Amino acid sequence: MNVLIVYAHPYPASFNAAMKDRAVDVLLKAGHEVKVSDLYAMKFKAALDQDDFPDPCSRSFFSIPNEMMAGFVRGKLAPDVMAEIAKVKWADMLLFQFPIWWSSMPAILKGWFDRVFVQGFVVDLPNGMIYADGLLKGKKAMISTTMGSSADLYTEDGPHGDLNLHLKSLWHNTFEFCGMEVVPSFYVFNAGEMEEFQVEAELDRWEEYLLSVA
Ligand SMILES: Cc1cc2nc3c(=O)[nH]c(=O)nc-3n(C[C@H](O)[C@H](O)[C@H](O)COP(=O)(O)OP(=O)(O)OC[C@H]3O[C@@H](n4cnc5c(N)ncnc54)[C@H](O)[C@@H]3O)c2cc1C
């Protein structure tokens, strides 16, 4: 299987980096092909703006969905976007590794979806090709994330509410919307302060889980 890891953490010595590195090791040893998009290392531009469409076709009214579709079909989107699209095409499974920030994903990762998941590539809205007919049908997608809070704070009745619902915009309104099969998420709670033995235990739990789904 071809696995694309989209990784969003600014520090190479972080726990999220260790999770990404463990995933690369485990997947390669299991015989999979792996590519990593390390968004901070790439200095990936988070904001979708007019520079994403270097050769726009609209002259009077600038329609972003239309420019996305036209740019994708003509291969004329910004080079960094076209490069990420090529990786997504290559992948059988997309694995997103990131820390929870404000009960969501870091802005750089949100920007990756805004810019890379262009209409015409992931969905075809005019022709109703979404969800079961989404254009990324046949691919799998998975969230692997860490948070400072304990699990009991992120339950349905807890003060933060159900974490799965916070992330629904990603696993349902993005992955499933585009036709992908969702692999159940992997969560590490209490990840802000850990002793080395806890880090090792969580990395081993991650390895075991990954091998069970990949
Ligand atoms: C802007 C912002 C918003 C946030 N919002 C939320 C929120 O809404 N909800 C929530 O629950 N949390 C929130 N947090 C906390 C955040 O989710 C955690 O800080 C994060 O998940 C921890 O992951 P990390 O990779 O940054 O860990 P790190 O800080 O890199 O490491 C965590 C611990 O593991 C140790 N460690 C890391 N790597 C290793 C290693 N290789 N070997 C040995 N020890 C290691 C470190 O010493 C540290 O004790 C927020 C943080 C920020 C900055």
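Only a predicted model underlies this, so the values are computations on that prediction, with no experimental measurement involved. (Residues numbered from 1 in each chain as written. Predicted model: local features only at pLDDT ≥ 70, side-chain atom pairs only at ≥ 80, totals over all residues. Heavy atoms only, no water.)

Chemist: Explain the sheet that holds strand β2 (residues 33-38) to me, using residue names and the numbers behind them.
Modeler: Taken in spatial order, the five strands of this open sheet run β2-β1-β3-β4-β5, and their pairing is parallel. Looking at strand neighbours, the two that pair on one side only are β2 and β5 (181-188), the edges of this open sheet. With strand direction ignored, the average angle separating the axes of adjacent strands in the sheet is 15 degrees. Here strand β4 (residues 140-146) pairs with β5 via six bridges, running parallel. When the sheet's bridge partners are listed, Thr-145 is paired in β5 with Tyr-187. Here helix α1 (residues 15-29) sits on the sheet and contacts β1 (2-7), β2, β3 (93-99), β4 and β5; the angle it forms with β1, its principal contact strand, is near 175 degrees. Along the sheet face, helix α3 (residues 79-90) touches β1, β2 and β3 and points at about 150 degrees away from the line of β2. (Pairing = 2+ DSSP bridges. Helix = DSSP H or I, 4+ residues; strand = E, 2+ residues; numbered from the N terminus. Axes fitted to C-alpha atoms, helices over the stretch in contact; angles between N-to-C directions. Contact = heavy atoms within 4.5 Å.)

Chemist: I'd love a proper account of the pattern of salt bridges, names of residues and values included.
Modeler: Applying the stated criterion to the full structure yields 13 salt bridges. Asp-114 is the salt-bridge partner of Lys-110, the closest N and O atoms lying 2.9 Å from each other. Of this pair, Lys-110 and Asp-114 both sit in helix α4 (residues 107-116), four residues apart, which is roughly one turn of that helix. Because the salt bridges share partners, they merge into one network encompassing Lys-45, Asp-49, Asp-52, Asp-80 and Arg-115. (Salt bridge = Lys/Arg side-chain N within 4 Å of Asp/Glu carboxyl O.)

Chemist: Which residues make up the nonpolar core, and what are the values?
Modeler: Looking at soluble globular proteins, one finds that nonpolar side chains tend to be buried together. Ranked by size, the top nonpolar core spans 41 residues in total, and within it Leu-109, Trp-112 and Phe-117 carry the most contacts. Counting only elements with at least two residues in this core, the list comes to β1, α2 (64-74), α3, β3, α4, β4 and α6 (168-176). Considering every element that reaches this core, the biggest residue donor is α4, with five residues. Ignoring any residue separated from it by four or fewer positions in sequence, one finds Leu-109 in contact with Val-6, Ala-8, Leu-39, Phe-96 and Phe-98. If you look at the next biggest cluster of nonpolar residues, it comprises 22 residues, including Val-3, Val-34, Met-142 and Val-183. (Core = buried A, V, L, I, M, F, W, Y, C linked by side-chain atoms within 4.5 Å. Buried < 20%, exposed > 50% of the residue type's maximum accessible area, 1.4 Å probe, protein only.)

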